[in-house]
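Below, each chain spelled out in residue letters.
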Amino acid sequence: MNKKMITTCFAACIIVAGLPLIPVSGIMAQDNGRPELILNGRSKGPVPFKHQLHQTIVKDCAVCHKDFEKKPGALDEAKNAGTLKAKQVMTKTCIACHKAKKKAGEKSGPTSCSACHS
């Protein structure tokens, strides 16, 4: 098989599997979402979130996405459906990770609510 045919077959298999794709340097890769997001912080205000920075540091999407889908609005959908409690991800995942990194002497993100909400 030639290179073009292999690439076409690979892309077709991925599309049939339903995975979102974006071109990266001539090959196809899974979509990693937007570089930055604004999360709904309810009454405390919006939360700017550097999504791709976290992907670089955490590496495993399941660390965060074990509780909600990988799609825009998934946090709010899960909260509204009752499958996710308010602040569940922020306290049990985000802040817990930031505190663990800080305790280990590594660079970490904010550990208080007001440091994230704007």
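Quantities reported herein were computed from a predicted structural model and do not represent experimental measurements. (Residues numbered from 1 in each chain as written. Predicted model: local features only at pLDDT ≥ 70, side-chain atom pairs only at ≥ 80, totals over all residues. Heavy atoms only, no water.)

A. How the structure looks around the overall build of the protein chain. A tally of helices and strands in the protein chain yields six helices and four strands. A fraction of 28% describes how many contacts in the protein chain between residues 6 or more apart in sequence connect residues 24 or more apart. Of the accessible surface of the protein chain, which amounts to about 8,800 Å², a share of 62% is contributed by carbon and sulfur atoms. (Helix = DSSP H or I, 4+ residues; strand = E, 2+ residues; numbered from the N terminus. Contact = heavy atoms within 4.5 Å. Areas by Shrake-Rupley, 256 points an atom, 1.4 Å probe, with all protein chains shown as cover.)

B. Spatial organisation of the pattern of salt bridges. The tally for this structure, following the rule as stated, stands at four salt bridges. With a closest N to O distance of 3.1 Å, Glu 77 and Lys 71 form a salt bridge. Given the relative accessible area of 36%, Lys 71 is considered partly exposed. (Salt bridge = Lys/Arg side-chain N within 4 Å of Asp/Glu carboxyl O. Buried < 20%, exposed > 50% of the residue type's maximum accessible area, 1.4 Å probe, protein only.)

C. Layout of the nonpolar core. Counting residues in each nonpolar core, the largest one holds eleven residues, listed as Leu 37, Leu 39, Val 47, Phe 49, Phe 68, Ala 74, Leu 75, Ala 78, Leu 84, Val 89 and Cys 94. When residues of this core are assigned to their parent elements, the largest contribution, three residues, is made by helix α4 (residues 74-81). Setting aside residues no more than four positions away along its own chain, Ala 78 makes contact with Phe 68, Thr 83 and Leu 84. (Core = buried A, V, L, I, M, F, W, Y, C linked by side-chain atoms within 4.5 Å.)

D. Fine view of helix α5 (residues 88-103). Taking 1.5 Å as the rise per residue, α5 with 16 residues should run 22 Å; its terminal C-alpha atoms sit 21 Å apart, in good agreement. The complete set of buried residues in α5 reads Val 89, Thr 93, Cys 94, Ile 95 and His 98. Buried residues in α5 make contact with α2 (51-58), α3 (62-65) and α4. Just downstream of α5, Gly 105 is the residue with a positive phi angle, here 80 degrees. (Expected span 1.5 Å × (residues − 1).)

E. Geometry of the confidence of the model for the protein chain. On average, the protein chain scores 80 in pLDDT, and the residues at 70 or more come to 74%. α4 holds the highest mean pLDDT among the elements of the protein chain, 94, whereas strand β1 (residues 21-24) holds the lowest, 42. (pLDDT = per-residue confidence, 0-100.)

F. Structural context of unusual backbone geometry. Here Arg 42, not a glycine, exhibits a phi torsion of approximately 50 degrees, which is positive. On the secondary structure map, Arg 42 appears in the loop between β3 (37-39) and β4 (47-49). Positive phi is not limited to glycine here, since Lys 87 has a value of about 70 degrees. Relative to the elements of secondary structure, Lys 87 occurs in the loop between α4 and α5.

G. View of the environment of Phe 68. Within the secondary structure, Phe 68 sits in the loop between α3 and α4. Residue classification places Phe 68 among the buried residues on the basis of a relative accessible area of 14%. Once residues within four sequence positions are removed from consideration, Phe 68 is found in contact with Ala 74, Leu 75, Ala 78 and Val 89.

H. Structural view of the side chain of Thr 93. Among the secondary structure elements, Thr 93 is positioned in helix α5. Side chain to side chain, Thr 93 and Lys 66 meet in a polar contact 3.2 Å long. When residues no more than four places from it in sequence are discounted, the contact partners of Thr 93 are Val 63, Cys 64, Lys 66, Asp 67 and Gln 88. (Polar contact = N/O pair within 3.5 Å; in protein donor to acceptor, adjacent residues only side chain to side chain.)

I. Spotlight on the environment of His 54. By secondary structure assignment, the location of His 54 is in helix α2. Sequence-distant contacts of His 54, that is, excluding residues within four places in its chain, are made with Phe 49, Lys 59 and His 98. Of note is the side chain of His 54, whose polar atom sits 2.7 Å from the backbone oxygen of Lys 50.

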